[in-house]
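# Summary of structural features
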Amino acid sequence: MEVFIAWFTAAVSFGTIIMYGSLGEIITEKAGHLNLGVPGIMYLGAFAGFVSSFYYETLSSKPNAAVCIIISMVASFAASALGGLVYAFITVTLKANQNVTGLALTIFGTGFANVFGAFLMKDQVYAAALYANGVFAKDIFGFVPGTVGKLFFSYGFLVYLAIILAVVIHLMLNKTRAGLNLRAVGENPATADAAGIPVNKYKYLATCLGAGVTGIGGLFYTIDYNHGIWSTTSIIESLGWLALALVIFTTWKPLNAIWGSYLFGFLYWLYQFLPGILGITLPNYTTKLLEMIPYVITILVLLFVSFRKKKENQPPAHLGLSYFREER
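Structure report, in brief.

## Considering the nonpolar core
Counting 76 residues, the largest nonpolar core has Ile18, Phe50, Leu158 and Trp230 as the members making the most contacts within it. No other element matches helix α1 (residues 2–30), which puts 13 residues into this core. Non-local contacts of Phe50, meaning those with residues more than four positions away in its chain, are made with Leu120, Ala127, Ala128, Ala129, Leu219, Thr222, Ile223, Gly228, Ile229 and Trp230.

## Observations concerning the pattern of salt bridges
Applying the stated rule across the entire model yields one salt bridge. Here Lys150 ties to Glu2 by a salt bridge, and the two come within 3.9 Å at their closest N and O atoms. With Lys150 in helix α6 (residues 146–152) and Glu2 in helix α1, the pair connects residues that are 148 residues apart, well separated along the chain. A relative accessible area of 40% means that Lys150 is categorised as partly exposed.

## A look at the side chain of Thr222
Take Thr222: it is sitting in helix α10 (residues 199–225). Within polar-contact distance, the side chain of Thr222 engages the backbone oxygen of Leu219 at 3.1 Å. What Thr222 contacts, discounting residues up to four positions off in sequence, is Ala46, Phe50, His227, Gly228, Ile229, Trp230 and Ile236.

## Points about the packing of aromatic side chains
For the structure shown, the criterion picks out 26 aromatic pairs. For the ring pair Trp7 and Phe273, a centre distance of 6.5 Å and an interplane angle of 10 degrees mean the geometry is stacked. Placement of the pair is Trp7 in helix α1 and Phe273 in helix α13 (residues 270–278), with a sequence separation of 266 residues. Both residues of the pair, Trp7 and Phe273, belong to the buried class. Seen from the ring of Phe324, Lys95 lies directly overhead, with NZ or CZ sitting 5.8 Å from the centre.

Parameters and conventions
- Positions within a chain are numbered from 1, following the residues in the order the chain's sequence is written.
- Reporting of local features is limited, given that this is a predicted model, to residues whose pLDDT is at least 70; pairs of side-chain atoms are given and counted only at 80 or more, and all residues count toward the totals for whole chains, interfaces and linings.
- With hydrogens and water stripped out, all remaining heavy atoms of the structure feed into the side-chain values.
- Nine residue types can take part in a nonpolar core, namely buried Ala, Val, Leu, Ile, Met, Phe, Trp, Tyr and Cys, and a core is a set of them joined through side-chain atoms within 4.5 Å.
- The classification of residues rests on relative accessible area computed with a 1.4 Å probe and restricted to protein chains. Under 20% of the type maximum is buried, over 50% is exposed, and intermediate values are partly exposed.
- Numbered from the N terminus, helices here are DSSP runs of H or I no shorter than four residues, and strands are runs of E no shorter than two.
- Only heavy atoms matter for contacts: two residues are in contact if any of them lie within 4.5 Å across the pair.
- Salt bridge, as applied in this entry: a Lys or Arg side-chain nitrogen positioned within 4 Å of an Asp or Glu carboxyl oxygen.
- Any N or O atom pair separated by 3.5 Å or less is treated as a polar contact, with the protein-specific requirement of one donor-capable and one acceptor-capable atom, and with residues adjacent in sequence counted only for side-chain atom pairs.
- Here the aromatic set is Phe, Tyr and Trp, taking the six-membered ring for Trp, and pairing holds for ring centres within 6.5 Å; pairs whose planes are under 30 degrees apart are stacked, those over 60 apart are edge-to-face, and all others are tilted.
- Throughout this description, the term charge over a ring refers to an Arg CZ or Lys NZ atom that lies within 6 Å of the ring centre and within 35 degrees of the ring normal.

Here is the structure:
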């Protein structure tokens, strides 16, 4: 039972990282923009949130938990939204290729964070923001005892915020005028423009807001999931690509991102916890095969969606295409 609890909690924490990334990308793609810069944006959010909390607790003799949270989250959201703004300017205003722009943003964000992150480490293996980790990882429902408490109520507030955010985004996209306008822009910007909807405004807002949400996933990784430690690895980048895959897996539905991200977490950690549950030792090649499962499942879901050809399971019709008003 203890092995299963460890597997479950690891899956939830891991899934929360990519849930933020997928929720942000869903908002962006609903406006018709495919942003392959998600890994770079997560890096920007991770670095900005970490460095702000790192210097706050270093320079403050008595750091305050609320101030630490506000500074970290604002810095993370702002840096990521700025990355989204750059992407929006290039793809919305300048009409540049979205795929190339997104990949360039990934390279930039990864390089920027790792280069400047090296200055924090000062020839050490890693830099640590331990106070921030204690604040973000604190069990807000720690008073719930037993197995139920360990399974569902032993996480920091960002885990529960991700679930709330998924519900809010779902309601916004389906129950509000702004959400319906945004979906119209992603489906047919020419028709939306003719109806008086400010297409470029919605594209900018969706891209910047989506990038900001994505960046919180990077913050969660460094401050909570990775125990407040910054090290120059490519893990955040790989998580960004998983978040992009999760968008397809969830068929662009925010509520599906909740269970989908946790399922990804279960499958991702399958190779580590399955032998303990079964009481066996797996050979190395079997472990490598188990690590492939989340990606194989994504491919199968993509094939399944393609064969069903249901409108509600398809991406926005204008996804990845630039809108030229003079051609409507």
